Amino acid sequence: MVLVLTTAYMVAEVVGGLWTGSLALLADAGHMLVDVAAVGLALSAMWISRQPPTTRHTYAFARAEILAALINGLALWAVVAWITIEAVQRFRDPTPVAAGTMMLIALGGLIVNGIAFGVLHGVGDRERSLNLHGALLHVVGDLLGSAGVVLAGIIIWATGWVQADPVVSLVIGALILVSSWRLVREAVHILLEGVPRGLDVEALLASLQTLDGVTSVHDLHVWTITSGYPALSAHVVCEHGVDREMVLAHVNRMLRERYDIVHTTIQLEPESPPDHAEPMTHPVATLE
């Protein structure tokens, strides 16, 4: 639904921007062009990520959504670069703008983008999907862009100051840049196997080591396979005589209930037996 809406109004804004001479409209249309690609990419990534695993991709294609989010974020940056270059050119060579027509077209865009925002915002897993969050950011950027074009039209209509058009374009670009920074950062963080945001590894390690039957934990790794899908692997050293199956059950239950981590690989190891301990260099009787 969002793809159809953005495609239809992108064409309208391109025509309107060329007709009225408004850079703000063309900038917003350029952003919507990226949105069309972004939403299409998001849909494709969601379909690809649901394909079953293969012998060559044992995690299936879950990270297709993360790659889509990264591409969408970088595409937003490309739009910002284009808007900035065009705005600087407009400052040097101001172009007349048909403010009234410009405002009418932008108001239509505001309505369309508002509907698109409502559709995507209503999707339940948007907080867990970086891919869907990226698509939502594109729509939010368009919503702000349309509002900015309306504002520029009002200023030009009321004062005749045509440079309001490139000024608003730069503001739109800055908003897009700020909103997309977190998207790109999160996508890169996941692709680099970073620890899930908000997870304190030291606290998690301490929680594991306080469990009954656990002596120590080493080679602990926590990463994110895709949005909302954290994974953990660790070597857990168990006390002598302890029921290891019980220890494993306690470890997995704690990780699931306290940290929402269900995809785990735990290797249980026995504690070194006492006869492997280092020999004492002094008699016990001399120690105080």
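Residues numbered from 1 in each chain as written. Predicted model: local features only at pLDDT ≥ 70, side-chain atom pairs only at ≥ 80, totals over all residues. Heavy atoms only, no water.

Caption draft 1: Just the environment of Pro94, in detail. Take Pro94: it is sitting in the loop between helix H3 (64-92) and helix H4 (99-121). For Pro94, a relative accessible area of 43% gives the class partly exposed. Sequence separation of Pro94 and Ile176 is 82 residues, and the distance between their C-alpha atoms is 24 Å. (Helix = DSSP H or I, 4+ residues; strand = E, 2+ residues; numbered from the N terminus. Buried < 20%, exposed > 50% of the residue type's maximum accessible area, 1.4 Å probe, protein only.)

Caption draft 2: Layout of the pairing of strand S3 (residues 263-270). Two elements, strand S2 (residues 229-238) and S3, share eight bridges in a ladder whose sense is parallel. Paired with Val236 across the bridge in S3 is Leu268. Assessed by its sense of winding, the connection that carries the chain from S2 through helix H8 (residues 244-259) to S3 is right-handed. (Pairing = 2+ DSSP bridges. Right-handed = clockwise from strand over helix to strand, strands pointing away.)

Caption draft 3: View of unusual backbone geometry. Phi at Glu193 is positive, roughly 60 degrees, even though this residue is not glycine. Along the chain, the position of Glu193 falls in the loop between helix H6 (164-191) and helix H7 (201-209). In this structure, Asp260 takes a positive phi of about 60 degrees despite not being glycine. Take Asp260: it is sitting in the loop between H8 and S3.

Caption draft 4: The arrangement of the pattern of salt bridges in detail. Counted under the stated rule, the structure contains three salt bridges. A salt bridge links Glu193 to Arg63; its shortest N-O distance comes to 3.3 Å. Here Glu193 is found in the loop between H6 and H7, whereas its partner Arg63 is found in the loop between helix H2 (23-49) and H3, with 130 residues between them in sequence. A relative accessible area of 41% places Glu193 in the partly exposed class. By relative accessible area, which is 22% here, Arg63 ends up partly exposed. Between Asp165 and Arg90 there is a salt bridge; the shortest N-O distance is 3.4 Å. One end of the pair, Asp165, is in helix H6; the other, Arg90, is in helix H3, with 75 residues separating them in the sequence. Each member of the pair, Asp165 as well as Arg90, carries the same accessibility label: buried. (Salt bridge = Lys/Arg side-chain N within 4 Å of Asp/Glu carboxyl O.)

Caption draft 5: Local environment of the nonpolar core. Ranked by internal contacts, the top residues of the largest apolar core, which has 24 residues, are Tyr9, Leu25, Met102, Val149, Ile156, Ile172 and Ile176. At the level of secondary structure, the elements contributing two or more residues to this core comprise helix H1 (2-20), H2, H3, H4, helix H5 (130-159) and H6. The element best represented in this core is H4, accounting for five residues. Once residues within four sequence positions are removed from consideration, Ile172 is found in contact with Gly145 and Val149. Counting residues in hydrophobic clusters, the runner-up holds 19 residues, among them Leu220, Val222, Cys238 and Val251. (Core = buried A, V, L, I, M, F, W, Y, C linked by side-chain atoms within 4.5 Å. Contact = heavy atoms within 4.5 Å.)

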